[in-house]
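Spelled out from the first residue to the last, the chains are:
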Amino acid sequence: MRLRNIPGADEAIADSPHCIQEPMAEKGRWHLIFGNENPIHIEIGMGKGQFIMKLAKEHPDINYIGIERYSSVLLRALQKMEIEPLPNIRFLCMDASIITEVFDKEEVAKIYLNFSDPWPKDRHAKRRLTSSRFLGLYDQILADGGIVEFKTDNQPLFDFSLESVKESGWTLLMQTRDLHHSEFAEGNVMTEYEAKFSAMGNPIYKLEAVHDKKA
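Everything numeric in this text was worked out from a predicted model, so none of it was measured.

The next thing to look at is the packing of aromatic side chains. Within this structure, the stated rule accounts for six aromatic pairs. Judged by centre distance (5.9 Å) and plane angle (45 degrees), the rings of Phe115 and Phe197 are tilted. Placement of the pair is Phe115 in the loop between strand E4 (108-114) and helix H6 (132-141) and Phe197 in helix H8 (residues 192-199), with a sequence separation of 82 residues. The two residues Phe115 and Phe197 agree in class, both being buried. Linked through ring pairs, Phe115, Tyr193 and Phe197 together constitute an aromatic cluster. Between the NZ or CZ atom of Arg127 and the centre of the ring of Trp119, over which it lies, the distance is 4.8 Å. Here the guanidinium or amino end of Arg128 rests over the ring plane of Phe160, the centre of that ring lying 4.5 Å away.

We now examine the environment of Tyr193. By the element assignment, Tyr193 lies in helix H8. When the C-alpha atoms of Tyr193 and Glu183 are compared, they prove to be 21 Å apart, with 10 residues separating the residues in sequence.

On to the pattern of salt bridges, then. Enumeration according to the criterion identifies nine salt bridges in this entry. For Glu26, the salt bridge is made with Arg29, and the minimal N-O distance between the two is 2.3 Å. Taking the relative accessible area as the measure of exposure, Glu26 reaches 13% and is therefore buried. Between Asp159 and Arg177 there is a salt bridge, with its nearest N and O atoms 2.8 Å apart. With Asp159 in helix H7 (residues 155-167) and Arg177 in the loop between strand E6 (171-176) and H8, this pair connects stretches of sequence that are 18 residues apart.

Next up on the list: the nonpolar core. Core analysis: the biggest nonpolar cluster contains 34 residues, and Ile42, Ile44, Phe103, Ile111 and Tyr138 have the highest contact counts within it. Looking at this core, the element that brings in the most residues is H6, giving five residues. Setting aside its immediate chain neighbours within four residues, Ile44 contacts Ile67, Ala96, Ile99, Ile111, Tyr112, Leu113, Asn114, Leu129 and Tyr138. Met46, Phe51, Ile62 and Leu74 belong to the second-largest nonpolar core, a separate cluster that totals 19 residues.

Turning to the pairing of strand E5 (residues 142-152), a few remarks are in order. Relative to E5, E4 is paired through six bridges, and the arrangement is parallel. Bridging across to E5, Tyr112 finds its partner in Glu149. One crossover worth recording links E4 to the parallel E5 by way of H6, and it is right-handed. Where E5 lies against strand E7 (residues 205-210), six bridges are found, and the strand directions are antiparallel. Bridge pairing in E7 places Glu149 opposite Glu208.

How each quantity is defined
- Residues numbered from 1 in each chain as written.
- Predicted model: local features only at pLDDT ≥ 70, side-chain atom pairs only at ≥ 80, totals over all residues.
- Heavy atoms only, no water.
- Phe/Tyr/Trp six-rings, centres within 6.5 Å; stacked < 30°, edge-to-face > 60°.
- Helix = DSSP H or I, 4+ residues; strand = E, 2+ residues; numbered from the N terminus.
- Buried < 20%, exposed > 50% of the residue type's maximum accessible area, 1.4 Å probe, protein only.
- Lys NZ or Arg CZ within 6 Å of the ring centre and 35° of its normal.
- Salt bridge = Lys/Arg side-chain N within 4 Å of Asp/Glu carboxyl O.
- Core = buried A, V, L, I, M, F, W, Y, C linked by side-chain atoms within 4.5 Å.
- Contact = heavy atoms within 4.5 Å.
- Pairing = 2+ DSSP bridges.
- Right-handed = clockwise from strand over helix to strand, strands pointing away.

Structure representation (structure tokens):
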């Protein structure tokens, strides 16, 4: 997908109080950023922010950090925050591959992966956010019992993710190949892509997985 560059996006992000400009400097001290000891949930590839902002509004006792690598996309979330600021959410403009340099061991309670880039070519498999490579990174920052939640409309990516979870020694807590018509539909918060794809009749796939650090 080619993203249209929006003039001024980088400058807006640099000037925004909702964005952390040097996230690596905050490793191990995110509780100071939020001013409390509440659990931290992060969304990797947050897009325009609809999903994470709704969660932050519904759960003021949880701190949320949205990660988006494309400034032109992140700008849309910032514009929403200007209209309705939320104290328990911050944004990072960065690549997910450096998350262990940004978050300390057991600093994160939950990770959301929503409609991630499928990277369909085999040679790009390691770039998929549910690959064993990334699961290894998540394991380093998740607290014991911390969960990875993944949603997609891409069946090959979902099949790959199920296998990756198994091969990486994680435990599958739940899975469904038709989220909106399953027992797990209640309380589901939709992303922009999810609303679009489900309106087209596409089934939504979801899994949750945990890695037992004591095993």
